[in-house]
Amino acid sequence: MTTPEPDDEGYLALSRSLYWSQETGARPQAGTKQVREQMLEFVANMRTDERMPIPLGEPHLAALSPWKRKVKYLAFRGGRFASRRYDRLLGDAMDLTVALAERLIELETEVATLRGHVAEMRHETDEDPS
């Protein structure tokens, strides 16, 4: 059995298709309301982290030995003045995104209502043969 050449276009297209069809990296489908709730949680986390000298659950600061952990904390606190600003900016950006999501929820509701009206009007015109 021969293996396909790596520069074979059909082989590469099939490989890409198989790669992207895998579910391992795919995010679950979420509705607008679920996305809005996740964004609100993110805003709350950013607002909390903004006020803390060391954010909760920071994975890069973990260490088994106490002296390594202390060195990492000191290095982190030395640059915290800059990263705290980005926590605030991320929170502000996400606030705007939440406002857009809320508006999108309103528009989805309005579109559903209008589609219902259009369907009713079409149904009435189908019944009235005059």
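Being a predicted model, the structure only gives us computed values, none of them experimental.

**Some remarks on the pattern of salt bridges**
No. 1: Scanning all chains against the criterion turns up 5 salt bridges.
No. 2: With a shortest N-O distance of 2.8 Å, aspartate 92 and arginine 47 are connected by a salt bridge. Here the residue aspartate 92 occupies a position in helix α3 (residues 66-127), and arginine 47 occupies one in helix α2 (residues 32-51), the gap between them amounting to 45 residues.
No. 3: Assessed through its relative accessible area of 30%, aspartate 92 is described here as partly exposed.
No. 4: Classification of arginine 47 by relative accessible area gives buried; the value is 19%.

**What about the packing of α2 against α3?**
No. 1: Running from amino to carboxyl end, α2 crosses α3 at an angle of 160 degrees, the nearest separation of the two axes being 8 Å. Relative to α3, α2 is oriented roughly antiparallel. The hand of the α2/α3 crossing is left-handed.
No. 2: The residue inventory of the contact of α2 with α3, partitioned by class, reads 11 nonpolar, 3 polar and 13 charged.

**A look at α2**
No. 1: The end-to-end C-alpha distance of α2 is 29 Å, a good match for the 28 Å that 20 residues give at a rise of 1.5 Å each.
No. 2: Of the surrounding elements, those touching the buried residues of α2 are α3.

**Regarding the confidence of the model for the chain**
No. 1: Model confidence for the chain is summarised by a mean pLDDT of 80, while 87% of its residues fall at 70 or above.
No. 2: Mean pLDDT across the elements of the chain bottoms out in helix α1 (residues 9-21) (75) and peaks in α3 (86).

**Quick notes on the nonpolar core**
No. 1: Within the largest apolar cluster, 5 residues are counted, these being Met39, Val43, Met94, Val98 and Ala101.
No. 2: Of all the elements in the fold, those that place two or more residues in this core are α2 and α3.
No. 3: Counting residues per element, this core draws most heavily on α3, at 3 residues.

**Section: α3**
No. 1: Relative to the 92 Å expected for 62 residues at 1.5 Å per residue, α3 spans just 80 Å between its end C-alpha atoms, considerably shorter than the ideal helical length.
No. 2: Those residues of α3 that are buried are in contact with α2.

**Quick look at the side chain of threonine 32**
No. 1: Structurally, threonine 32 can be placed in helix α2.
No. 2: In this structure threonine 32 touches Ala101, Leu104, Ile105 and Glu108, once residues within four positions along its chain are discounted.

Calculation criteria
- Residues numbered from 1 in each chain as written.
- Predicted model: local features only at pLDDT ≥ 70, side-chain atom pairs only at ≥ 80, totals over all residues.
- Heavy atoms only, no water.
- Salt bridge = Lys/Arg side-chain N within 4 Å of Asp/Glu carboxyl O.
- Helix = DSSP H or I, 4+ residues; strand = E, 2+ residues; numbered from the N terminus.
- Buried < 20%, exposed > 50% of the residue type's maximum accessible area, 1.4 Å probe, protein only.
- Axes fitted to C-alpha atoms, helices over the stretch in contact; angles between N-to-C directions.
- Parallel < 35°, antiparallel > 145°, perpendicular 65-115°, else oblique.
- Left-handed = near helix turned anticlockwise from the far one by under 90°.
- Nonpolar A, V, L, I, M, F, W, Y, C, P; charged D, E, K, R; others polar.
- Expected span 1.5 Å × (residues − 1).
- Contact = heavy atoms within 4.5 Å.
- pLDDT = per-residue confidence, 0-100.
- Core = buried A, V, L, I, M, F, W, Y, C linked by side-chain atoms within 4.5 Å.

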